[in-house]
Amino acid sequence: MLARLGVRVEAVGAVQAAGRQITVVAGTSEADAPPGRRLTLIVDVTPAPRMHVYAPGQPGYIPIGMTLDETPDVRAGPSRFPAPGTYFFEPLNETVKVFAKPFRITQEVTLGLSRELRQRAAARETLTLTGRLDYQACDDTVCYRPDSIPLRWTIRLLPYQQ
């Protein structure tokens, strides 16, 4: 609930992964959830020193983006990003929207209510969601090859109660 209200909460069940120029920590707002519950997927991104990634909506560049793999077990909302900073690239006399400091991406998901998921919850199984973070990082002189980091979130299912 707090994550949905914009309060910064610690990611639960956090898993760290590293790309060539950034590191990420992926977790959830809740470790346990019954079918029908809404929760927040959290990805904390830290660019390497002197690196930046382009913000969504920055034309002419490859922006960072988070994609959740499709599954009938959840309904996903859009990824949400903080307000980006700006970067002035003197050789092109251009100002662009970037993330150069640690930042957080969130995405709300609602667990399904299918019979199969309710049965899995009654057995206290886990639900694993997967996705990826796509980005292109740059420093003051070089834009590196686009990269992709696989993401994984695990949620312990609780029995469904009407």
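Residues numbered from 1 in each chain as written. Predicted model: local features only at pLDDT ≥ 70, side-chain atom pairs only at ≥ 80, totals over all residues. Heavy atoms only, no water.

Chemist: Would you explain the side chain of His52 in this entry?
Modeler: Summarising the element assignment, His52 is placed in strand β5 (residues 52–54). Assessed through its relative accessible area of 3%, His52 is described here as buried. Within the structure, His52 has its side chain in polar contact with the side chain of Tyr54 (distance 3.5 Å). What His52 contacts, discounting residues up to four positions off in sequence, is Tyr87, Val98, Phe99, Ala100, Gln136, Ala137, Cys138 and Asp139. (Helix = DSSP H or I, 4+ residues; strand = E, 2+ residues; numbered from the N terminus. Buried < 20%, exposed > 50% of the residue type's maximum accessible area, 1.4 Å probe, protein only. Polar contact = N/O pair within 3.5 Å; in protein donor to acceptor, adjacent residues only side chain to side chain. Contact = heavy atoms within 4.5 Å.)

Chemist: Got a minute to help me understand the environment of Val45 in this structure?
Modeler: Counting through the fold element by element, Val45 comes out in strand β4 (residues 38–47). Residue classification places Val45 among the buried residues on the basis of a relative accessible area of 1%. Residues Val45 and Ala18, spaced 27 residues apart in sequence, show a C-alpha to C-alpha distance of 9.6 Å.

Chemist: When you look at the sheet that holds strand β8 (residues 85–89) in this model, what are you seeing that I'm missing?
Modeler: By definition, the strands of a sheet pair up through backbone hydrogen bonds, in either a parallel or an antiparallel sense. Across the sheet, 4 strands lie side by side as β8-β9-β5-β12; this open sheet has antiparallel pairing. Each edge of the open sheet carries a strand with a single partner, namely β8 and β12 (137–138). With 5 bridges connecting them, β8 and strand β9 (residues 94–99) associate as antiparallel partners. The partner of Thr86 across the bridge, within β9, is Lys97. (Pairing = 2+ DSSP bridges.)

Chemist: How do you make sense of the state of the cysteines when you look at a structure like this?
Modeler: Note on terminology: a disulfide is the covalent bond linking the sulfur atoms of two cysteines. One pass over the structure, following the stated rule, counts 1 disulfide. Disulfide pairing places Cys138 opposite Cys143 at an S-S distance of 2.1 Å. The chirality of the disulfide connecting Cys138 with Cys143 is right-handed, given an S-S dihedral of about 105°. For Cys143, a relative accessible area of 40% gives the class partly exposed. (Disulfide = S-S within 2.5 Å.)

Chemist: What's the story with the sheet that holds strand β7 (residues 74–80) in this structure? I'm lost.
Modeler: Pairing in this open sheet of 5 strands is antiparallel, and the strands run β1-β2-β4-β10-β7 from one edge to the other. The strands lining the two open edges of the sheet, one partner per strand, are β1 (12–18) and β7. Across the sheet, the axes of successive neighbouring strands diverge by a mean angle of 20°, strand direction being ignored. Pairing of β4 with strand β10 (residues 103–111), which is carried by 8 bridges, proceeds in the antiparallel orientation. Residue pairing for β10: Ile42 is matched across the bridge by Thr106. (Axes fitted to C-alpha atoms, helices over the stretch in contact; angles between N-to-C directions.)

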